[in-house]
Amino acid sequence: MNERTEQVTAYGELLQDAICDGLEAFEPTVRFREDRWERPGGGGGRSRVLADGETFEKAGVGFSAVHGELPEAAARSLGAGDGGTFFATGVSLVLHPLNPFVPIVHLNVRYFELNGGADRWFGGGIDLTPIYVNPADAAHFHGSLKSLLDPFGADRYPAYKRTCDEYFYIPHRAEMRGIGGIFYDHLHAVDPADWQAHFALMRAVGDGFLSAYAPLVAAHRADPYGERERDWQLVRRGRYAEFNLVYDRGTTFGLRTGGRTESILMSLPPLARWVYDVHPEPGSPEADTLRLLQPGHDWIPA
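Within every chain, residues take consecutive numbers counted from 1 along the sequence as written. Where local features are concerned, this predicted model is filtered to residues with pLDDT of at least 70; where side-chain atom pairs are given and counted, the filter is 80 or more; whole-chain, interface and lining totals use all residues. Here the side-chain values reflect all heavy atoms present in the structure, with hydrogen atoms and water set aside.

A. Geometry of the overall build of the chain. A count of helical and extended segments in the chain gives 10 helices and nine strands. Note that the radius of gyration is over C-alpha atoms, with the globule rule given as 2.2 Å times the number of residues to the power 0.38. For a compact globule of 302 residues, the expected C-alpha radius of gyration is about 19 Å, and the chain comes in at 19 Å, within 12% of that figure. If you line up the chain on its principal axes, its C-alpha atoms span 55 × 40 × 35 Å. Per-residue accessibility, obtained with a 1.4 Å probe over protein chains only, is compared with the maximum for each type, and a residue is labelled buried under 20%, exposed over 50%, and partly exposed between these values. Taking all 302 residues of the chain together, the buried fraction comes to 53%. The contact criterion used is simple: two residues touch if any of their non-hydrogen atoms lie within 4.5 Å. When contacts within the chain are restricted to residue pairs at least 6 apart in sequence, long-range pairs at least 24 apart make up 69% of them. Calculation of accessible area relied on Shrake-Rupley with a 1.4 Å probe; when residues are assessed, cover is drawn exclusively from the protein chains displayed. Only carbon and sulfur atoms are counted for the fraction: they give 53% of the accessible area of the chain, which is about 13,500 Å². Between the centroid of the 29 positive side chains of the chain and the centroid of its 41 negative side chains there is a distance of 2 Å. Numbering goes from the N terminus for both helices and strands, where a helix is a DSSP run of H or I of at least four residues and a strand is a run of E of at least two. Positive residues here are Lys and Arg, negative ones are Asp and Glu, while His and the chain termini are left out of the count. For charged residues, the charge sits on one atom: NZ in Lys, CZ in Arg, CG in Asp, CD in Glu.

B. Representation of the pairing of strand S1 (residues 33–38) in the model. Two elements, S1 and strand S2 (residues 43–51), share six bridges in a ladder whose sense is antiparallel. Following the sheet pairing, Arg33 is matched in S2 by Val49. Following S1, the chain reverses through four residues before pairing antiparallel with S2; Gly41 in that reversal takes a positive phi of roughly 110°. DSSP-based pairing: two strands are paired if at least 2 bridges between them are found.

C. Fine view of the nonpolar core. Throughout this description, the term nonpolar core refers to a set of buried Ala, Val, Leu, Ile, Met, Phe, Trp, Tyr and Cys residues connected via side-chain atoms within 4.5 Å. Ranked by internal contacts, the top residues of the largest apolar core, which has 53 residues, are Phe56, Leu95, Val105, Phe122, Val205, Phe209 and Tyr213. For Phe122, the residues in contact, after removing those within four places along its chain, are Val8, Arg110, Tyr111, Tyr184, Asp185, His186, Leu187, Ala189, Trp195, His198, Phe199 and Met202. Of all hydrophobic cores here, the second largest spans 10 residues; its members include Val66, Leu70, Ala74 and Ala88.

D. Region of interest: empty space enclosed by the protein. Here a cavity means grid points, on a 1 Å grid over the protein atoms only, where a 1.4 Å probe fits yet cannot get out; a pocket means an open set of points with protein on both sides within 12 Å along at least five of seven lines; lining residues are those with an atom within 4 Å of a point. Grid points are joined across faces, edges and corners, and a volume is the space filled by probe spheres set on the points. For the structure on display, the rule yields one cavity of 30 Å³ or more. Lining the largest cavity we find Phe101, Pro103, Leu128, Pro130, Tyr132, Val133, Asn134, Asp137, Ala138 and Ile179. Residue type decides the class: Asp, Glu, Lys and Arg count as charged, Ala, Val, Leu, Ile, Met, Phe, Trp, Tyr, Cys and Pro as nonpolar, and the leftover types, Gly among them, as polar. For the lining of the largest cavity, a count of residues per class yields eight nonpolar, one polar and one charged.

E. View of the environment of Ser144. Here Ser144 is to be found in helix H3 (residues 135–149). Classification of Ser144 as buried rests on a relative accessible area of 16%. Along the sequence, Ser144 and Pro280 sit 136 residues apart, while their C-alpha atoms lie 31 Å from each other. Setting aside anything within four residues of it in sequence, one finds Ser144 in contact with Ser211 and Ala212.

F. Focus on the side chain of Glu286. Counting through the fold element by element, Glu286 comes out in helix H10 (residues 285–292). Overall, Glu286 belongs to the buried group, its relative accessible area being 6%. In this structure Glu286 touches Tyr132, Arg228, Trp232 and Pro280, once residues within four positions along its chain are discounted.

G. How the structure looks around unusual backbone geometry. Phi is positive for Asp52, which is not a glycine, with a value near 60°. On the secondary structure map, Asp52 appears in the loop between S2 and strand S3 (56–69). A relative accessible area of 64% places Asp52 in the exposed class.

H. The arrangement of helix H5 (residues 192–207) in detail. To estimate how far a helix should reach, multiply one less than its number of residues by 1.5 Å. The first and last C-alpha atoms of H5 sit 22 Å apart over 16 residues, in line with the 22 Å expected at 1.5 Å per residue. By the burial criterion, the buried members of H5 are Trp195, His198, Phe199, Leu201, Met202, Ala204, Val205 and Gly206. Think of a polar contact as two N or O atoms within 3.5 Å of one another; within protein, one of them needs to be a possible hydrogen donor and the other a possible acceptor, and neighboring residues in sequence only count if both atoms come from side chains. Sitting at the head of H5, Asp191 places a side-chain oxygen 2.9 Å from the backbone nitrogen of Ala193.

I. Structural detail: the packing of aromatic side chains. Stacked, edge-to-face and tilted labels apply to pairs of Phe, Tyr and Trp rings (six-membered ring for Trp) whose centres lie within 6.5 Å, assigned for plane angles under 30 degrees, over 60, and everything in between, in that order. Per the stated rule, a full pass over the model turns up 17 aromatic pairs. Relative to Trp121, the ring of Phe112 lies with its centre 4.7 Å away and its plane at 20°, an arrangement referred to as stacked. Comparing Phe112 with Trp121 shows no difference in burial state: the two are buried. Ring geometry for Phe122 and Phe199: centres 6.3 Å apart, planes at 20°, overall stacked. Linking Phe122 in strand S6 (residues 119–129) with Phe199 in helix H5, this pair joins segments that are 77 residues apart in sequence. There is no split in this pair, since Phe122 and Phe199 are both buried. These aromatic residues form a ring-pair network of at least three members: Tyr11, Tyr111, Phe122, Trp195 and Phe199.

J. Representation of the environment of Glu6 in the model. Looking at where Glu6 falls in the secondary structure, it is placed in helix H1 (residues 3–24). Note: C-alpha distance between Glu6 and Ala65 (59 residues apart in sequence) is 9.8 Å.

In structure tokens, the structure reads:
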């Protein structure tokens, strides 16, 4: 550990604590279960899962700080030649609410060092996956993310939104996983000034998560729903699982490089459905949602 890695690790632990506290405020009885684990070769983490709550059917919030020799598969993926040493830390979460009108949400903020800091970079993002797209909710969510990024330059939000739209796309379905958000990666930080600026961005994204998402939970957790909405929720969760298992770089990277399986698959929903050749009735709320799940939509009103 060096001063940089100590700072980012300490922040990640505090962020995990703060987010878990904020989410537990929506749950009158259940609390997060924590598993502390160690990685063979160096480091470890804390995986926290909340299950069968009144608000969240499943919520996973993970923190890790791992180091050691870079596995060969990971080295190839990162363009690191024959490998070397690495350090990686981050916080990642996926929340699967019980009510279909509360959106699924994903957050990840991470930091990576290669060969003792010869190269180092930040990455992360937040994205929203509504079961039913609500334009007012989308405007709040994207407006919150824009407000987080504007202090770092007016070009950040549109650039990171575009990257998010491109990344969270399911080619075999010709639709997005959700309504996107922001996504950035490989913010290289070898220069100390760049490191401080990118670390500040990481903190802004992490610290802003609850203000972007919690109002949507508060607004819709008690909305009435029935069997139709629940069935559609399970279908959409199936699409979520498809993306994570087929395309998500973090999931596939972790599974191919000997990561902790339970922590990697913590993002999957507790229940999902795959209905053969599903086509919502034209003009229905379900059909309207599919129509809106396309890249490039401007969710913030002019």
